[in-house]
Every structure is written in C-alpha cells, then in structure tokens.
Amino acid sequence: MKKTVILLLLTVLISISAFAKQPDKKGILLVTFGSSYPETRVAFQNIEKEMAKAFPNIPIRWAYTSKIIRNKLRKRGENINSPAMALAQMAEDGFTHVAVQSLHIIPGLEYNALRQTVSAFNHMPKALKQITLGKPLLFSNEDNEKLAHAIKNIFADKLPQADAFVFMGHGSEHASNIYYAGFQYYLSQQSPKFMMGTVEGFPTLQNVMDKIEKNHVKSIWLTPFMSVAGDHARNDMAGDEDDSWKIILQKKNIEVKPILKGLAQYNSVVAIWIEHLKIAVDELQ
Ligand code: CO
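Rules of the game
Residues numbered from 1 in each chain as written. Predicted model: local features only at pLDDT ≥ 70, side-chain atom pairs only at ≥ 80, totals over all residues. Heavy atoms only, no water. Salt bridge = Lys/Arg side-chain N within 4 Å of Asp/Glu carboxyl O. Helix = DSSP H or I, 4+ residues; strand = E, 2+ residues; numbered from the N terminus. Buried < 20%, exposed > 50% of the residue type's maximum accessible area, 1.4 Å probe, protein only. Core = buried A, V, L, I, M, F, W, Y, C linked by side-chain atoms within 4.5 Å. Contact = heavy atoms within 4.5 Å. Axes fitted to C-alpha atoms, helices over the stretch in contact; angles between N-to-C directions. Parallel < 35°, antiparallel > 145°, perpendicular 65-115°, else oblique. Left-handed = near helix turned anticlockwise from the far one by under 90°. Nonpolar A, V, L, I, M, F, W, Y, C, P; charged D, E, K, R; others polar. Donors = N, O, S within 2.8 Å, 3.2 Å for Na, K, Ca; no water. Pairing = 2+ DSSP bridges. Right-handed = clockwise from strand over helix to strand, strands pointing away.

### Structural notes on the pattern of salt bridges
Then step 1. Scanning the model with the defined rule gives nine salt bridges in all.
Then step 2. Glu 78 is the partner of Arg 41 in a salt bridge, and the nearest nitrogen-oxygen pair spans 3.3 Å. In this pair, Arg 41 is assigned in helix H2 (residues 41-54) and Glu 78 in the loop between helix H3 (67-75) and helix H4 (83-92), connecting sequence segments 37 residues apart.
Then step 3. Its relative accessible area of 26% is what places Glu 78 among the partly exposed residues.
Then step 4. A salt bridge links Lys 146 to Glu 142, with the shortest nitrogen-to-oxygen separation between them at 3.8 Å. Here the residue Lys 146 and the residue Glu 142 both occupy positions in helix H6 (residues 141-154), the gap between them amounting to four residues, near one helical turn.
Then step 5. Residue Lys 146 is classed as partly exposed on the basis of its relative accessible area of 30%.

### As for the nonpolar core
Then step 1. Residues Met 51, Phe 183 and Phe 225 are the most contacted members of the largest nonpolar core, which totals 51 residues.
Then step 2. When sequence neighbours within four positions are dropped, the list of residues in contact with Phe 225 reads Ile 105, Leu 138, Leu 147, Ile 151, Phe 167, Met 168, Gly 169, His 170, Tyr 180, Phe 183, Met 196 and Leu 263.
Then step 3. With 18 residues, the next largest nonpolar core counts Ala 164, Val 208, Val 217 and Trp 245 among its residues.

### Re the packing of H4 against helix H5 (residues 109-122)
Then step 1. Where H4 contacts H5, the two axes come as close as 10 Å, and the packing angle between them is 30°. When the interaxial angle is binned, H4 and H5 end up roughly parallel. In this structure, H4 meets H5 at a crossing whose hand is right-handed. Together, Pro 83, Ala 84, Leu 87 and Ala 88 of H4 and Leu 114, Thr 117 and Phe 121 of H5 make up the contact between the two elements.
Then step 2. Its residues assigned to classes, the contact of H4 with H5 comprises six nonpolar, one polar and no charged.

### Side note on the coordination of the cobalt ion
Six octahedrally arranged donors around a metal ideally form angles of 90 or 180 degrees; four tetrahedrally arranged donors ideally form angles of 109.5 degrees.
Then step 1. Protein coordination at the cobalt ion comes from His 170 (NE2) and His 232 (NE2), with a distance range of 2.1 Å. One end of the pair, His 170, is in the loop between strand S5 (164-169) and helix H7 (178-190); the other, His 232, is in helix H9 (residues 231-237), with 62 residues separating them in the sequence.
Then step 2. Residue His 170 is classed as partly exposed on the basis of its relative accessible area of 27%.

### Structural notes on the pairing of strand S1 (residues 26-32)
Then step 1. Most of S1 sits out of view: six of its seven residues are buried.
Then step 2. The pairing of S1 with strand S3 (residues 97-102) spans six bridges and is parallel. Paired with Gly 27 across the bridge in S3 is Val 98.
Then step 3. Strand direction decides the pairing type here: S1 and strand S2 (residues 60-64), joined by five bridges, are parallel. Looking at S2, one finds that Leu 29 is bridged to Arg 61.
Then step 4. This β-α-β element, S1 to H2 to S2, shows right-handed connectivity.

What is shown is where atoms sit, not what they do.
In structure tokens:
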C-alpha cells in the first residue's frame, strides 16, 4: 500500500517537473498565397534553401493563404495548411515560439489578414507563447531602394537587349496598391527602361502601353513582379490567348520576350525577405 502511494507521488512529481521543464522550441512559418503550378516549386524550394541557410537551427514550415489552391493541391494528395491550421499544428507539436514570415510583395489584403491571424493566436490560451510576424518584401523606403537596386543588377545584362523592361505586378484593391506606382519611381531611378504594370490594380497595362508608345518602344522584356511565375505569369502575362499581355503587345508590333521566373528565384530578392525574418526571429524571447 505504502509503496503504491510513493510510486504515485513520484509519478505526479515527475510529470510536474517535466511540464515545468518543457523546453522552448522555436519555429519558422513561411506564408505565401500559394500556387498549384508545379513549375513554381523551384521558387518555393529556393526560398526554403536560403532560409534554412540563414536559420540553420530553426525548423521551417509552410502555409498557403489561398483556400482554392489548398483544395486543388489536396485533390492531388498534397496537404498544405492555412496559416491558422499551421500555427495550431505547431502548438500541438511542441513549438513555443514561432516567427511567421509573409512572402507577399506588398502589405495588402493577404498580409493584413495574416497579421490578424497572428494577433488572434497571440491571444489564444494554451497555444503558443509568442508569435512574431516578418514584413512583406516591400514595406519601408529601404526595402524599395534595395529591391530596385537588386532588380537593376539581376537584369543588367538583359537591359541593353530591348527598348523597355515591363513588370507585371498583381495589383490590389487595398490602399497599399500605391506601392506599385511608388516602386515605379524607385525603378525609374535605376533605369528609364523599367515599367511597372499590374493585372488587377494601378498602373494598368494601358498605362504601360501609353508609355511604350510615347517612347517609341519596339521590343520589351516581360516578367512577373510576383514571388512565383504561376497562373498570372503563364496565362495573363505570357499566355497565347487574345487577352494576354504578350499577345496584346505583339498586336502593336512590339517584340515581346517573356521571362517566366518569379522574384523568389533570385537570391538577392530573397535576401530582403530574410532580413525581415531576422527581425521577427530576434523579437522572439
Ligand atoms: Co490573382
């Protein structure tokens, strides 16, 4: 009888001390809109490779914010969590501190929804001890300067081979759509050949075409101003349908040379996201 009581007490004591000594465990959660195009995998893999190099001791997980894309991937047997599901799973798996990194381009709708999710989880009992959030690619003046500079260097050898270099940004109905027009200014400081347009916002393709006409442009490079070369890049930008940018511009007798590479495939661009994640990781305590 006595033995049993002692054993029971011992078990209770051990479990209490085990709970008290549950070590802190840091994690990184990379969050992107997502893409169902297998071709975009190279971009995501490149980000992960660079992030793993920068944070060798912190496990990295992924979340996609697009439900449509998550559903599409699920049908192919690929399970990718939403940010909320990923954070809940990380809590379940023993993580205590998580730095979430937004892989969005501007602080638009997607980023602000992510901010709300992070804030909600920070107020949830028995979840994670602390969650911090890294800024998207473009946030500060410094980010804009760094990205414009990186872009100039990335395309330096291509620039002389065409009259203009056109970027296709996504565009947003959020007030931060102004980043696209703003970034045009930073790009112009690097080269007058750089032109920014968006699929769903301002500047429009028409704005770009007005500029092209004014500058008597005969040939252009055309590339996405998005993290990956997914659906928009392959269809809206470089597709063979009548309404793609490539076809519309070709009909104006302009030579179009598409580059199907996302920004996340260039390490000098990924470096800006890494800087933002460093701040978020440093904030963990
Ligand atoms: Co879209």
